[in-house]
Amino acid sequence: MVIAPVLMSDTPGRGNGTDASVLTKTKPKTQRPPMYKVLLLNDDYTPMEFVVHVLERFFGLSHAQSFEIMLTVHKKGLAVVGVFSFEVAETKVAQVMDFARRHQHPLQCTMEKD
Ligand code: TYC
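Residues numbered from 1 in each chain as written. Predicted model: local features only at pLDDT ≥ 70, side-chain atom pairs only at ≥ 80, totals over all residues. Heavy atoms only, no water.

### Things to note about unusual backbone geometry
- For Gln-104, which is not glycine, the phi torsion reads 60° and is therefore positive.
- In this fold, Gln-104 is placed in the loop between helix 3 (86-102) and strand 3 (108-113). (Helix = DSSP H or I, 4+ residues; strand = E, 2+ residues; numbered from the N terminus.)

### Re the site of the ligand
- Lining the immediate surroundings of the ligand are Leu-40, Leu-41, Asn-42, Asp-43, Thr-46, Met-48, Val-51, Met-70, Val-73, His-74 and Leu-107.
- In the complex, 89% of the free accessible area of the ligand, which totals 340 Å², lies under the protein chains.
- Counting residues per element, the shell around the ligand draws most heavily on helix 2 (residues 63-76), which supplies three residues.
- Residues belonging to the shell around the ligand are distributed by class as follows: seven nonpolar, three polar and one charged. (Near = heavy atom within 4 Å. Areas by Shrake-Rupley, 256 points an atom, 1.4 Å probe, with all protein chains shown as cover. Nonpolar A, V, L, I, M, F, W, Y, C, P; charged D, E, K, R; others polar.)

### Observations regarding the sheet that holds strand 1 (residues 35-41)
- Across the sheet, three strands lie side by side as 2-1-3; this open sheet has antiparallel pairing. At either end of the open sheet lies a strand with only one pairing partner, and these are strand 2 (78-85) and strand 3. Taking the axes of each pair of neighbouring strands and ignoring which way they run, one obtains an average angle of 30° across the sheet.
- Contacts from helix 3 reach strand 1, strand 2 and strand 3 within the one sheet, and its direction differs from that of strand 3 by about 165°. (Pairing = 2+ DSSP bridges. Axes fitted to C-alpha atoms, helices over the stretch in contact; angles between N-to-C directions. Contact = heavy atoms within 4.5 Å.)

### Things to note about the packing of aromatic side chains
- All chains considered together, the criterion is met by four aromatic pairs.
- Relative to Phe-99, the ring of Phe-50 has its centre 5.3 Å away and its plane inclined at 10°; by these criteria the two rings are stacked. Taken together, the residues Phe-50 in helix 1 (residues 48-59) and Phe-99 in helix 3 connect sequence positions 49 residues apart.
- The interplanar angle of 35° and the centroid separation of 6.2 Å between the aromatic rings of Phe-59 and Phe-84 together place this pair among those described as tilted. Separated by 25 residues along the polypeptide, Phe-59 in helix 1 and Phe-84 in strand 2 bring together distant segments of the chain. Side by side, Phe-59 and Phe-84 carry an identical accessibility label, which is buried.
- Following the ring pairs from residue to residue traces out a cluster consisting of Phe-50, Phe-58 and Phe-99.
- Directly above the aromatic system of Phe-84 lies the positively charged group of Lys-92, at a separation of 5.4 Å from the ring centroid. (Phe/Tyr/Trp six-rings, centres within 6.5 Å; stacked < 30°, edge-to-face > 60°. Buried < 20%, exposed > 50% of the residue type's maximum accessible area, 1.4 Å probe, protein only. Lys NZ or Arg CZ within 6 Å of the ring centre and 35° of its normal.)

Everything listed here is a matter of coordinates, which is why it stays silent on function.
What follows is the structure in structure tokens.
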């Protein structure tokens, strides 16, 4: 006499190997912090050399990069100087505004969400 093995994983009424359960995929959410553009605005009075100095001093840019960005602001009215976290952007804006005010230049620096 032959005894057939009972497969415990077989669901009665379904074909072998089927699974009626719904697989819910939970997508791992990688959280990126919101970033902020720091913008430099043109004006008619701030000396070009002062703006170049500001870019070198507070944004760690080379003289050539700083001169290029200064010229872009001068010609187009504004330029993005860099993109930073909220706190870093806020600090850079405050540093530039304070430095310009102390030197009595009307240079404006602002930030906006990227
Ligand atoms: N327009 C200024 C000038 O002719 C130079 C300047 C450039 C000022 C960039 C501000 O963000 C600025 N002296």
